[in-house]
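Read off the chains here:
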Amino acid sequence: MPVSKVDRPGAQQWVPEGADVEALRAAASSCRGCELWEPATQVVFSAGAADARIALVGEQPGDQEDRRGVPFVGPAGRLLQKAVAEAGIDVATTYVTNAVKHFRFTQSAPGSRRIHASPDVGHVNACRPWLAAELAQVDPEVVVCLGATAAKALLPKDFRVTKHRGQLIVQQTSRGEKTFLGTIHPSAILRTPEEDRDAAYAGLVADLRTAAAALS
Ligand code: URA
Ligand code: SF4
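Overview of the structure. Please read all numbers here as calculations on a predicted model, not as lab measurements.

So, about the site of ligand 1. In the vicinity of ligand 1, the residues found are Gly 58, Glu 59, Gln 60, Pro 61, Gly 62, Glu 65, Pro 71, Phe 72, Asn 98 and His 185. Interatomic distance of 2.7 Å between a backbone N/O atom of Glu 59 and an oxygen atom of ligand 1. The separation between an oxygen atom of ligand 1 and a polar main-chain atom of Phe 72 is 2.9 Å. Coverage of ligand 1 by the protein amounts to 94% of the 230 Å² it exposes when considered alone. Because more than half of its atoms lie within 2 Å of the grid, ligand 1 is assigned to the largest pocket.

As structure tokens, this is what we get:
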């Protein structure tokens, strides 16, 4: 279906004002802010502490996340968890979510393997009200954007992962000034050729250490 024909009102009208994270999670299952809800199994909202000091923002749920309803429970999630621990961050102090809350995929035939398709900027924009609402509620000290899609949702337009990763970026938010940091997505490490994979992983850990060091 051509994008111009897609009815994409954005999530705002489904986001209850002033709701806490649990109420946001419950409301998100009704969201029809873009077309991605329909082929997906369920909405995948977030996991982790509602009073977290660090928020980790990914791209969108993957195949396993879509089936289980929990973010970062597949291979990328396992790698992220390892990197978080290695960076000296207590996972209990983190809040994990995605820029887009439904799994976007392609499938050649019903029942065949679902292939991840990156959300486009229209999906990121449609879904941003959920991200804005949950981050306003959690009010973390530092927000880590994992990969280009999360960066698109939350970082300045000219941010490039290759150029600006690992830098602390202070931005004004609805909860005052907040520190952001963009880095690579753990999936990118899984796609890195074996000989370069350790270095890519070390880079993610180093960036997470930078984020942790920014905590007051
Ligand atoms: N990749 C993401 O960006 N988020 C998930 O939840 C899983 C994989
Ligand atoms: Fe709503 Fe986001 Fe799902 Fe689109 S991807 S239907 S905006 S929750």
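Burial analysis of strand E6 (residues 142–146) places five of its five residues in the buried class, the great majority of the element. Of the two faces of E6, the one carrying Val 142, Val 144 and Leu 146 and the one carrying Val 143 and Cys 145 are both buried. Relative to E6, strand E2 (residues 54–58) is paired through four bridges, and the arrangement is parallel. The residue bridging Ile 54 from the neighbouring strand is Val 142, located in E6. In this sheet, strand E8 (residues 176–183) lies alongside E6 in parallel orientation, the contact comprising five bridges. Bridging across to E8, Val 143 finds its partner in Phe 180.

Taken as a whole and judged by the stated rule, the model has eleven salt bridges. Among the ionic pairs, Asp 139 bridges to Arg 175, the shortest N-O distance being 3.1 Å. Taken as a pair, Asp 139 in the loop between helix H4 (121–138) and E6 and Arg 175 in the loop between strand E7 (168–173) and E8 lie far apart in primary sequence, 36 residues in all. Several salt bridges converge on common partners, so that one network encompasses Asp 63, Asp 66, Arg 67 and Arg 114.

Cut-offs used in this document
- Residues numbered from 1 in each chain as written.
- Chains lettered and ligands numbered in written order.
- Predicted model: local features only at pLDDT ≥ 70, side-chain atom pairs only at ≥ 80, totals over all residues.
- Heavy atoms only, no water.
- Near = heavy atom within 4 Å.
- Polar contact = N/O pair within 3.5 Å; in protein donor to acceptor, adjacent residues only side chain to side chain.
- Areas by Shrake-Rupley, 256 points an atom, 1.4 Å probe, with all protein chains shown as cover.
- 1 Å grid on protein atoms, 1.4 Å probe; cavity = no way out; pocket = protein on both sides within 12 Å on 5 of 7 lines; lining within 4 Å.
- Sits in = over half its atoms within 2 Å of the grid points.
- Buried < 20%, exposed > 50% of the residue type's maximum accessible area, 1.4 Å probe, protein only.
- Helix = DSSP H or I, 4+ residues; strand = E, 2+ residues; numbered from the N terminus.
- Pairing = 2+ DSSP bridges.
- Salt bridge = Lys/Arg side-chain N within 4 Å of Asp/Glu carboxyl O.

Don't take any of this as a statement about function, it's just geometry.
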